[in-house]
Amino acid sequence: MKQLLISAFLISLLSPMLAQEIKSPKPIPYQIFIGIDLLNPAIQFLSDKKGYEASVSVPVYKKWQAIAEGGYEENKYEHNSWNIDLSGFFARVGFDWYVDSDHKNLNNGYYLGARVGYSPYQLKINEFPIKNQGGEVFSMPLGEVSSHALWVAPVVGARVNLGDTRFYVNSNVQLNILAMDLNEKNFDAFAIPGFGKSNNGLNLRVLWSFGFIL
């Protein structure tokens, strides 16, 4: 009888602690994420844009993560007698801050961030318009031109776990704002690798990537 009473007493002491452990498991912490862009390879079957992109996200402090993105892109611009091929590498660095995360897995969540992007790229100007003294417009080639572009972008995105695996889908929207574009012929930027087609120095870029956490 004494043993039953002692056992009951010990269970009554331990049961709140066990219940607390069951109700409040430790969440999966922020981890390094490596992703590969899925959208650009899909779009290349429907447009002139071709390329690839990869990204790395590294936790640095609480909800803050350091971001590095990079890749290669080819594109074509045709408008108002302009015909241009462009190609080049690009890189973006920045940070994300998680506004809200899943209480079971911190890698699931919504984030805000910012990026700084840079691309040294080549323009091949196949045709550009020239107006003669009579006002007639005709086109002629100009050859290859080296260019350098720099831009900034605010970012809004989310990362979602695929089941209980280490694989995730990461999606974000970046509002690219052109800060600088320099080339040998002083042409305005038409399209830039990693930036997209420029609309008065702006472009909205959507990224979908598939990856895993380490």
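Residues numbered from 1 in each chain as written. Predicted model: local features only at pLDDT ≥ 70, side-chain atom pairs only at ≥ 80, totals over all residues. Heavy atoms only, no water.

(A) Spatial organisation of the nonpolar core. W82, I84, Y121, I125 and I192 are the most contacted members of the largest nonpolar core, which has 18 residues in total. Elements with a minimum of two residues in this core: strand 4 (82-101), strand 5 (109-131), strand 7 (143-161) and strand 9 (191-192). With residues near it in sequence (within four places) discarded, I125 still touches W82, N83, I84, P141, L142, G143, V145 and F187. (Core = buried A, V, L, I, M, F, W, Y, C linked by side-chain atoms within 4.5 Å. Buried < 20%, exposed > 50% of the residue type's maximum accessible area, 1.4 Å probe, protein only. Helix = DSSP H or I, 4+ residues; strand = E, 2+ residues; numbered from the N terminus. Contact = heavy atoms within 4.5 Å.)

(B) Up close: the pairing of strand 7. Pairing of strand 5 with strand 7 involves 17 bridges; the strand directions are antiparallel. What sits directly across from G113, in strand 7, is V155. The pairing of strand 7 with strand 8 (residues 167-183) spans 13 bridges and is classified as antiparallel. Paired with V160 across the strands is V169, a residue of strand 8. Between strand 7 and strand 8, which pair antiparallel one after the other, the connecting turn spans 5 residues, and G163 there sits at a positive phi close to 70 degrees. (Pairing = 2+ DSSP bridges.)

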